[in-house]
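For reference, the chains in residue letters:
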Amino acid sequence: MTTDTGSEIALASAHRIIKKFGGERVSDSAADELRKIIEVIGENIAKQAVELAKHAHRKTIKPEDITLASKSILKQ
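Residues numbered from 1 in each chain as written. Predicted model: local features only at pLDDT ≥ 70, side-chain atom pairs only at ≥ 80, totals over all residues. Heavy atoms only, no water.

**Q** Before we go on, may I ask you to explain the overall build of the protein in this structure?
**A** Broken down by element type, the protein carries three helices and zero strands. Listing the helices and strands of the protein from first to last along the sequence gives α-α-α. A compact globule built from 76 residues should have a C-alpha radius of gyration of about 11 Å, whereas the protein, at 15 Å, is more than 25% larger. When the backbone C-alpha atoms are referred to their principal axes, the protein occupies close to 45 × 30 × 15 Å. Expressed as a percentage of its 76 residues, the buried residues of the protein come to 20%. Contacts in the protein between residues at least 24 apart in sequence constitute 33% of all its contacts with a sequence separation of at least 6. Carbon and sulfur atoms form 57% of the exposed surface of the protein, whose accessible area is close to 5,800 Å². Both charge centroids of the protein, one from 13 positive and one from 11 negative side chains, sit 5 Å from each other. (Helix = DSSP H or I, 4+ residues; strand = E, 2+ residues; numbered from the N terminus. Rg over C-alpha atoms; globule rule 2.2 N^0.38 Å. Buried < 20%, exposed > 50% of the residue type's maximum accessible area, 1.4 Å probe, protein only. Contact = heavy atoms within 4.5 Å. Areas by Shrake-Rupley, 256 points an atom, 1.4 Å probe, with all protein chains shown as cover. Lys, Arg positive; Asp, Glu negative; His and termini not counted. Charge placed at Lys NZ, Arg CZ, Asp CG, Glu CD.)

Have a look at this one:
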């Protein structure tokens, strides 16, 4: 497995996620694609959570900021 030093999520973690849900064999490119998508979603949630905390005049990001941001980003 290769690693990308610019990535926040390890390639092995993406492999484990796919395998956890039944993937018997997972190519590095498939794991890398999942990792990239997860990072984009995570970045968007984090940005919105920061804005929610700022709007509430807080510097601390709280779990509810993440939850609310994720619902907005993921349209749940």
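Continuing now.
**Q** Would you mind showing me how to read helix 2 (residues 28-55) here?
**A** Note on helix geometry: an α-helix contains 3.6 residues per turn, so any two residues three or four positions apart are oriented the same way. For helix 2, with 28 residues, the first-to-last C-alpha span of 40 Å sits near the 40 Å given by 1.5 Å per residue. The set of residues buried in helix 2 consists of Ala-31, Asp-32, Arg-35, Glu-39, Ile-45, Ala-49 and Ala-53. Note on helix 2: the residue one or two positions beyond its end, His-57, has a positive phi of about 60°. (Expected span 1.5 Å × (residues − 1).)

**Q** What is the right way to read the packing of helix 1 (residues 11-20) against helix 2 from this model?
**A** Helix-helix packing is described using two parameters, namely the angle between the two axes and the distance between the axes. Closest axis-to-axis distance for the helix 1/helix 2 pair is 8 Å, and the angle between their directions is 100°. On the basis of their axis angle, the class for helix 1 and helix 2 is roughly perpendicular. Here Leu-11, Ala-14, His-15, Ile-17 and Ile-18 of helix 1 come into contact with helix 2, specifically with Asp-28, Ala-30, Ala-31, Asp-32, Leu-34, Arg-35 and Ile-38. Among the residues making up the contact of helix 1 with helix 2, the classes are represented as eight nonpolar, one polar and three charged. (Axes fitted to C-alpha atoms, helices over the stretch in contact; angles between N-to-C directions. Parallel < 35°, antiparallel > 145°, perpendicular 65-115°, else oblique. Nonpolar A, V, L, I, M, F, W, Y, C, P; charged D, E, K, R; others polar.)

**Q** Looking at this structure, how should I read the packing of helix 2 against helix 3 (residues 63-74)?
**A** Across the interface, helix 2 lies against helix 3 with an axial gap of 8 Å and an inter-helix angle of 125°. The orientation of helix 2 with respect to helix 3, classified from their angle, is oblique. Two packed elements cross with a definite hand, and for helix 2 against helix 3 that hand is right-handed. In this structure, helix 2 contributes Ile-41, Asn-44, Ile-45, Gln-48, Ala-49, Leu-52 and Ala-53 to the contact, and helix 3 contributes Asp-65, Ile-66, Leu-68, Ala-69, Ser-70, Ser-72, Ile-73 and Leu-74. (Left-handed = near helix turned anticlockwise from the far one by under 90°.)

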